[in-house]
Amino acid sequence: MVILENISKRFGVKTVLNSVNLDIRTNEIIGLIGPNGSGKTTLLNVMMGLIRPDAGTITISCKLSAGVSRKGFFGGMTVTDNLKVYAHLKRLSDSDIDKVIQLFDIDFGKTNFGKLSAGMKQRVALAQAFMGNPDLILLDEPTNHLDIDSIFKLRSAIEERKKEGTTFIIASHVLTELEKLCDRALFLFKGEIVKRIEASELGFTNLEAEYLKLSVK
Amino acid sequence: MNYLRFEWLKLKSRRWAWLLAATTALALASVIKLLSNISYLNEQVTEGQFMEQAAYGFISYSCLYPFLPLWIILFIGTEFVNGHVNLVVFNTSYKTYFYSKLVYCFLISTAFCLLGIVTMVVVQVTAPFNVLLPKSFYGIFIFQSFFTFLSIALLAMSITFLARNIAISFVVYFILVFAEGMVFMIVKKLNGMELFYLPFHITNILYVKGGEKMSENYYNFFQEPDLRALALPVFLLITQGLTYWDFTKRELKPLSD
């Protein structure tokens, strides 16, 4: 559904992505692992079309959605109105908004987005990403600022959507969470995918130990 | 995609927008009403010029910083700063976002035009004497004010798209208006030449002679059409074309926390 071929990107003299190749298949959850500055967010932004690669090609043949940031919402607007704006943009109905409001237990719909705590904002950003029926959802540090209940809700939402056929790419530092959810794991170091752990190996691999091995190299 | 509904949805949902709208309406209407009466009482304008002076004042004041440009720069600038542009472009396209902003400029220009009509009616009804107006007055006023507001709005929009930052856009707008006024005046004094084709002069051509903002220059475009006004749509097409080109060529900031 998404194919990245030899994607490279430089910001000034710094190479952020170096010949990244990736074939994203239908109905899988991919974990993207790497230290800060390794290129995870840039890779997601390239897939979103917000950053143009200097080299390489991207082929996208599906409907994408993204929850990569708490940005993009209006502080002086209520949560429900913010979601309405994006629902209109994605040509979705009010019932689609209701579904995600229930999914992420958003009981603060009438509060202005600007007055929310970081965790509440994160839930709104996730709700926006889950709205409608996207084929592929990109998530960047989705558990950031979330309380334990919300993490459980997010996990079950991802599993539920996967059953319905949605694919996920999750960039995260919470390796235990990724171990529970992912079908495949990719390690990104200095803009390069240095290791791929396929579904067949994932059950026998400790991601934390693998990460430590790679970071020592 | 219904651009009008999309922009209206955003506009009406921002609570502070209603406060700003009320302030804008009240401030503009009262300033025009007050100035018209003062000018008349001080015998600076005759009864015949009274409404023309008010019309000139309304269009001219609306184009000042705290009014029309504020609505354009503040609202579009906020969307660049808070990452809304990124999400719109990601979910739809650069074209969709750009078109929706053209619609927003249309929406704001219409609102200012409607406010202008209300203000003119108030000024007329509460005038210190019985005002007799030609039938065409309001028709001409709507034409002049709407297209002037739209031109200024599009110019402010271009500046905001280029700067992608509220504060920088305001500074650039201020410097441009100031610098253009200075250049126009200096060249006119030294050479007697009128640099009519400067951005802010060309956008004023529909209501002031030669685009030079002076109350005595207010004129009826249909009685004495200035053919140089034909350059205005060409100028706007070029600036919007260049703005769109720059918007699609320059990368947006990566979305991340």
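Structure: above.
All figures in this text were calculated on a predicted structure; none of them were measured in a lab.

## Examining the layout of surface pockets
All names here are of chain B. Its boundaries defined by the atoms lining it, the largest pocket holds a volume of some 390 Å³. Taken together, 19 residues make up the lining of the largest pocket; nearest its centre are Leu64, Val177, Phe200, Asn204 and Lys213. Those elements giving two or more residues to the lining of the largest pocket turn out to be helix H8 (166-191) and helix H9 (199-202). Sorting elements by how many residues they give to the lining of the largest pocket places H8 first, with 8 residues. Residue classes in the lining of the largest pocket are distributed as 12 nonpolar, 4 polar and 3 charged.

## Points about the interface of chain A and chain B
Contacts between the two partners involve 34 residues from chain A and, on the opposite side, 31 residues from chain B. Together chain A and chain B conceal approximately 3000 Å² of surface at their shared face, both sides included; 58% is due to carbon and sulfur atoms. When the buried area of chain A at its contact with chain B is split by residue, Leu50, His88 and Leu89 of chain A rank highest and sum to 24% of it. Where chain A meets chain B, there are 1 salt bridge. For Lys9 of chain A, the salt bridge goes to Glu251 of chain B, with nearest N and O atoms at 2.7 Å. Where chain A meets chain B, there are 13 residue pairs in polar contact (both at pLDDT 80 or more).

## Things to note about the sheet that holds strand S5 (residues 64-67) of chain A
Residue and element names in this part refer to chain A. Ordered by their spatial adjacency, 6 strands build an open sheet running S5-S6-S7-S3-S8-S9, and the pairing between neighbours is mixed. With partners counted over all chains shown, the strands left at the sheet margins are S5 and strand S9 (192-197), one partner each. Between one strand axis and the next, the sheet turns by 20° as a mean value, whatever way the strands run. Here 5 bridges tie strand S6 (residues 136-140) to strand S7 (residues 167-171), and the two strands are oriented parallel to one another. Directly across from Asp140, in S7, lies its bridge partner Ala171. In the packing of helix H1 (residues 40-48) onto the sheet, contacts are made with strand S3 (29-33), S5, S6, S7 and strand S8 (184-189), and the angle to S6 comes to roughly 150°. Packed on one face of the sheet, helix H5 (residues 148-163) meets S3, S6 and S7 and runs near 150° to S7.

## Considering the packing of aromatic side chains
All names here are of chain B. Going through the model one piece at a time under the given rule, you end up with 37 aromatic pairs over all chains. Ring centres 6.0 Å apart and planes at 75° place the aromatic pair Tyr3 and Tyr99 in the edge-to-face group. Within this pair, whereas Tyr3 is found in helix H1 (residues 3-13), its partner Tyr99 is found in helix H6 (residues 94-125), the two being separated by 96 residues in sequence. Since its relative accessible area comes to 23%, Tyr3 is described here as partly exposed. A relative accessible area of 36% means that Tyr99 is categorised as partly exposed. Linked through ring pairs, Phe80, Tyr94, Tyr97, Phe98, Phe161, Tyr244 and Phe247 together constitute an aromatic cluster. Between Arg228 and the ring centre of Phe196, over which it is positioned, the NZ or CZ distance is 4.2 Å.

Criteria and cut-off values
- Residues numbered from 1 in each chain as written.
- Chains lettered and ligands numbered in written order.
- Predicted model: local features only at pLDDT ≥ 70, side-chain atom pairs only at ≥ 80, totals over all residues.
- Heavy atoms only, no water.
- 1 Å grid on protein atoms, 1.4 Å probe; cavity = no way out; pocket = protein on both sides within 12 Å on 5 of 7 lines; lining within 4 Å.
- Points joined across faces, edges and corners; volume = space filled by probe spheres on them.
- Helix = DSSP H or I, 4+ residues; strand = E, 2+ residues; numbered from the N terminus.
- Nonpolar A, V, L, I, M, F, W, Y, C, P; charged D, E, K, R; others polar.
- Contact = heavy atoms within 4.5 Å.
- Buried area = accessible area lost by both parts, 1.4 Å probe.
- Salt bridge = Lys/Arg side-chain N within 4 Å of Asp/Glu carboxyl O.
- Polar contact = N/O pair within 3.5 Å; in protein donor to acceptor, adjacent residues only side chain to side chain.
- Pairing = 2+ DSSP bridges.
- Axes fitted to C-alpha atoms, helices over the stretch in contact; angles between N-to-C directions.
- Phe/Tyr/Trp six-rings, centres within 6.5 Å; stacked < 30°, edge-to-face > 60°.
- Buried < 20%, exposed > 50% of the residue type's maximum accessible area, 1.4 Å probe, protein only.
- Lys NZ or Arg CZ within 6 Å of the ring centre and 35° of its normal.

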